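Tertiary structure, described
In case you want the letters, here they are:
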Amino acid sequence: MILETRGIGKSFGSVLALREVSMGVAAGQVTCVLGDNGAGKSTLIKILAGVHQHDSGTLLVDGAEVRLSSPRDALDRGIATVYQDLAMIPLMSVWRNFFLGSEPRKGLAFDVRTARRVAGDELRAMGIDIRDVDQPVGTLSGGERQSVAIARAVYFGARVLILDEPTSALGVKQAGVVLRYIARARDRGLGVVFITHNPHHAYPVGDRFLLLNRGTSLGEYAKADITREKLTSLMAGDAELEELAHELERE
Amino acid sequence: MTATTADERLARVGLLRRLLIRPELGAVVGAVVVFTFFATQSAVFRSPEGIANWLDPAATLGIMAVAIALLMIGGEFDLSAGVLTGTTGLILVTLATRYGLNVWLAMLVSLVVALGVGLLNGLIVTRTRLPSFIVTLGTFLMLQGVNLGVTKALTGTVQVSGLRRAEGFEAARTVFAGTIQIGGTSFRVAILWWLLVTALATWVLMRSRVGNWIFAVGGSEPAARAVGVPAARTKIALFMTTAVAAWLVGSIMALRYTSVQANIGIGQEFIYIIAAVIGGCLLTGGYGSAIGAAIGAVIFGMADKGIVFLGWDADWFKFFLGAMLLLATLANRLVRRYAEEVKH
Ligand SMILES: Nc1ncnc2c1ncn2[C@@H]1O[C@H](COP(=O)(O)OP(=O)(O)OP(=O)(O)O)[C@@H](O)[C@H]1O
Ligand SMILES: [Mg+2]
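A few points on the structure. Since this is a predicted model, take the numbers as computed values, not measurements. (Residues numbered from 1 in each chain as written. Chains lettered and ligands numbered in written order. Predicted model: local features only at pLDDT ≥ 70, side-chain atom pairs only at ≥ 80, totals over all residues. Heavy atoms only, no water.)

Judged by nonpolar contacts, the single largest core of 108 residues is most densely connected at V103(B), L163(B), L255(B) and F300(B). Looking at this core element by element, the count peaks at 17 residues for helix α5 (residues 48-73) of chain B. Once residues lying within four places of it in the same chain are set aside, the contact partners of L255(B) are L92(B), V103(B), M107(B), L163(B), F169(B), A172(B), R173(B), F176(B) and A177(B). Ranked by size, the runner-up nonpolar core spans 50 residues in total, among them C32(A), A185(A), V205(A) and M235(A). (Core = buried A, V, L, I, M, F, W, Y, C linked by side-chain atoms within 4.5 Å. Buried < 20%, exposed > 50% of the residue type's maximum accessible area, 1.4 Å probe, protein only. Helix = DSSP H or I, 4+ residues; strand = E, 2+ residues; numbered from the N terminus. Contact = heavy atoms within 4.5 Å.)

With that settled, consider the site of ligand 1. Residues and elements named next belong to chain A. The local shell around ligand 1 consists of F12, A17, D36, N37, G38, A39, G40, K41, S42, T43 and E165. A distance of 2.9 Å separates an oxygen atom of ligand 1 from a polar backbone atom of G40. One of the side-chain N or O atoms of T43 is found 2.6 Å from an oxygen atom in ligand 1. Coverage of ligand 1 by the protein amounts to 59% of the 640 Å² it exposes when considered alone. (Near = heavy atom within 4 Å. Polar contact = N/O pair within 3.5 Å; in protein donor to acceptor, adjacent residues only side chain to side chain. Areas by Shrake-Rupley, 256 points an atom, 1.4 Å probe, with all protein chains shown as cover.)

Let us now look at the side chain of R256(B). Residue and element names in this part refer to chain B. Note on placement: R256 falls in helix α13 (residues 231-257). A polar atom in the side chain of R256 sits 2.9 Å from the side chain of D56. Apart from the residues within four sequence positions on either side, R256 is in contact with D56, T60, R173, A177, R188 and A190.

The next point concerns unusual backbone geometry. Residue and element names in this part refer to chain A. Of note in this structure, E20 is not a glycine but carries a positive phi near 50 degrees. With respect to the secondary-structure elements, E20 resides in strand β2 (residues 15-25). Judged by its relative accessible area of 62%, E20 falls in the exposed class.

Once that is clear, we can look at the pairing of strand β3 (residues 30-35) of chain A. Looking along a regular strand, one sees the side chains alternate between the two faces of the sheet. Residue and element names in this part refer to chain A. Of all six residues in β3, six are buried; the element is thus mostly enclosed. Side chains of β3 alternate between two faces, with V30, C32 and L34 and T31, V33 and G35 buried alike. Across five bridges, the pairing between β3 and strand β10 (residues 191-196) is parallel. If you follow V30 over to β10, its bridge partner there is V192. Summarising the sheet, β3 and strand β11 (residues 208-213) pair through five bridges and their orientation is parallel. Pairing of L34 across the sheet is with L211, part of β11. (Pairing = 2+ DSSP bridges.)

Under the counting rule described, the total for this entry stands at 16 salt bridges over all chains. Across the pair E4(A) and R6(A) runs a salt bridge, and its minimum N-O distance is 3.4 Å. The exposure class assigned to E4(A) is partly exposed, which follows from its relative accessible area of 21%. Residue classification places R6(A) among the partly exposed positions, given a relative accessible area of 45%. R116(A) is the partner of D134(A) in a salt bridge, and the nearest nitrogen-oxygen pair spans 3.3 Å. One end of the pair, D134(A), is in the loop between α4 (112-125) and α5 (142-155); the other, R116(A), is in helix α4, and 18 residues separate them in sequence. Overall, the relative accessible area of 32% leaves D134(A) in the partly exposed class. On the accessibility criterion, R116(A) (32% relative accessible area) is partly exposed. Ionic contacts of the salt-bridge type, sharing partners, join the residues E76(B), E221(B), R225(B) and K235(B) into one network. (Salt bridge = Lys/Arg side-chain N within 4 Å of Asp/Glu carboxyl O.)

Take the side chain of K235(B) next. All names here are of chain B. Looking at the element boundaries, K235 is found in helix α13. Judged by relative accessible area, which is 5%, K235 ranks as buried. A polar atom in the side chain of K235 sits 2.7 Å from the side chain of E76. Leaving out residues up to four positions away in the same chain, K235 has contacts with G74, E76, T126, V217 and E221.

With that out of the way, let us pick up the packing of aromatic side chains. Under the criterion given, the structure shown has 21 aromatic pairs over all chains. With 5.8 Å between their ring centres and 80 degrees between their planes, F99(A) and Y155(A) make a pair best called edge-to-face. Taken as a pair, F99(A) in helix α3 (residues 94-99) and Y155(A) in helix α5 lie far apart in primary sequence, 56 residues in all. Counting every residue linked through ring pairs, the aromatic cluster contains F35(B), F37(B), F38(B), F45(B), W54(B), F309(B) and W312(B). Over the ring of Y203(A) we find K223(A), and its NZ or CZ is 5.0 Å from the ring centre. (Phe/Tyr/Trp six-rings, centres within 6.5 Å; stacked < 30°, edge-to-face > 60°. Lys NZ or Arg CZ within 6 Å of the ring centre and 35° of its normal.)

The structure is reproduced here in structure tokens:
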């Protein structure tokens with residue numbers, strides 16, 4: 001396990017946002033974190049990303065206990081996070097965004113030619129089909145932007161990639177595109193934490209599934225131990241689903 | 001995906017649209033139209049002497065417009081830049097005439113003061129996160145007061161003069177306010193400074209890491225910070241660059257006229273912004289060009305002198321100014337719409 005939590009918890013004042021959650025991410029595997037709105041998914045990954053510090057339990061990186069003091073600290077340990085509101089500048093071109101903050105240098109200058117070439121090559125290596133690296137990021141589709149952000153994290157040496165609901169705002173086709181890049185990042189040996197509330201997005205790419213409900217864990221399952229149907233019903237709650245089915249029948 | 005599909009989609013973006021999103025395009029078209037208009041009606045306007053004549057105001061305005069353009073791309077304004085040209089000129093003349101400093105030394109002192117003002121503007125804006133419009137409006141009013149107050153206290157009048165007699169004047173004048181002969185026509189050396197400043201600014205914007213940071217802090221400061229761009233330092237450096245440009249223009253003017261009025265530069269700050277906007281800068285930051293701002297300044301120079309060549313009332317210049325600004329902002333809005341258009 002590159003990254004692991006044991007009985008981790010976090011409260012905001014009197015709100016217990018997260019209690020006793022244990023999970024792990026291994027290299028070349030995808031751990032999906034599923035849960036309804038307010039289940040604590042974002043809180044959990046913010047602890048992993050160094051945005052929040054946990055109040056209880058332990059966080060381990062490469063088996064050693066740590067406290068991540070800042071997002072920079074997490075990044076330095078190879079933990080990269082792609083948030084829903086991506087850190088990209090809409091009016092700037094794809095290649096300028098790709099290297100923003102880590103521009104390659106040639107003497108005093110920004111090595112524009114290398115940047116353009118490498119950005120193009122990296123995106124292609126991830127199978128991302130960008131028309132033109134000179135186009136402004138704002139003109140990319142939501143899925144394409146997610147993909148560029150993923151490729152950037154991979155290029156800059158991330159070992160763990162955390163994605164907070166990368167598919168939630170996307171249509172079926174675009175979501176499929178992003179899922180494919182998640183698989184590709186996994187194949188390149190990264191550990192991926194994929195947050196979603198859609199079991200149909202999680203099941204095909206996931207190796208392990210952590211289910212959260214109202215701040216607590218409903219368990220962490222390996223793919224072999226759980227079916228898509230079981231995952232879906234756990235997400236919604238069996239009783240609630242049956243009730244819903246009854247309700248819909250009557251109409 | 002195959003290469004053919006990619007090409008097909010590229011073609012749909014179209015060469016025209018790609019050209020249209022160049023920030024300078026509006027300014028280039030505007031400059032051609034304005035030049036054609038005046039050149040067809042006035043033989044003087046299109047003569048080498050005429051060109052030298054309208055390139056001069058374009059140069060001094062252009063130096064400032066380019067610096068302001070960088071600052072605006074970085075997402076900030078500086079309303080104190082115009083008055084600062086007065087402040088630096090006043091310091092230069094006062095120190096050289098009343099305190100017997102060598103002109104070069106006096107210029108060094110005024111440069112240090114200018115850098116201080118730029119640093120202060122930058123520090124206040126980045127620390128307090130107040131809009132730079134308000135912060136530099138404050139600096140603008142303070143400098144305006146100091147310029148008049150100190151000049152009156154020292155001289156009893158509202159101008160300082162007599163720079164010609166100061167030590168080092170001739171050499172400094174040759175460098176900053178001289179003329180050069182090209183094909184029998186004398187051009188102001190300020191034009192060279194302007195070209196130099198434009199070339200340097202363009203290089204920084206397009207070919208340096210700092211250039212990438214300038215676009216980024218203007219485009220989205222939180223996003224820039226999140227990937228490790230030193231946003232505050234970038235902005236402070238931009239304010240200081242503007243101040244250095246004001247010092248350069250202030251020194252050029254003082255050395256050219258050998259005297260400085262205490263109220264000089266007031267009202268110029270908006271002209272700089274207008275030239276930058278005509279050159280393709282967005283008021284919201286993150287987009288624009290140094291060359292565009294330089295061309296915006298050329299449009300001004302041409303209109304300023306062209307109206308005189310045609311024997312029109314100078315009041316028409318204001319009308320022209322307003323019309324250009326409106327057209328430019330409309331064109332820029334279209335550009336932004338296109339560039340920010342998000343497809344889902
Ligand atoms: N900074 C905070 N201060 C106080 N309460 C918070 C804070 N952040 C989260 N919470 C609370 O913690 C709980 C879990 O929130 P969290 O954002 O982790 O949910 P989520 O699973 O990501 O939900 P969603 O699917 O809507 O994104 C919520 O009840 C929320 O109100
Ligand atoms: Mg969330």
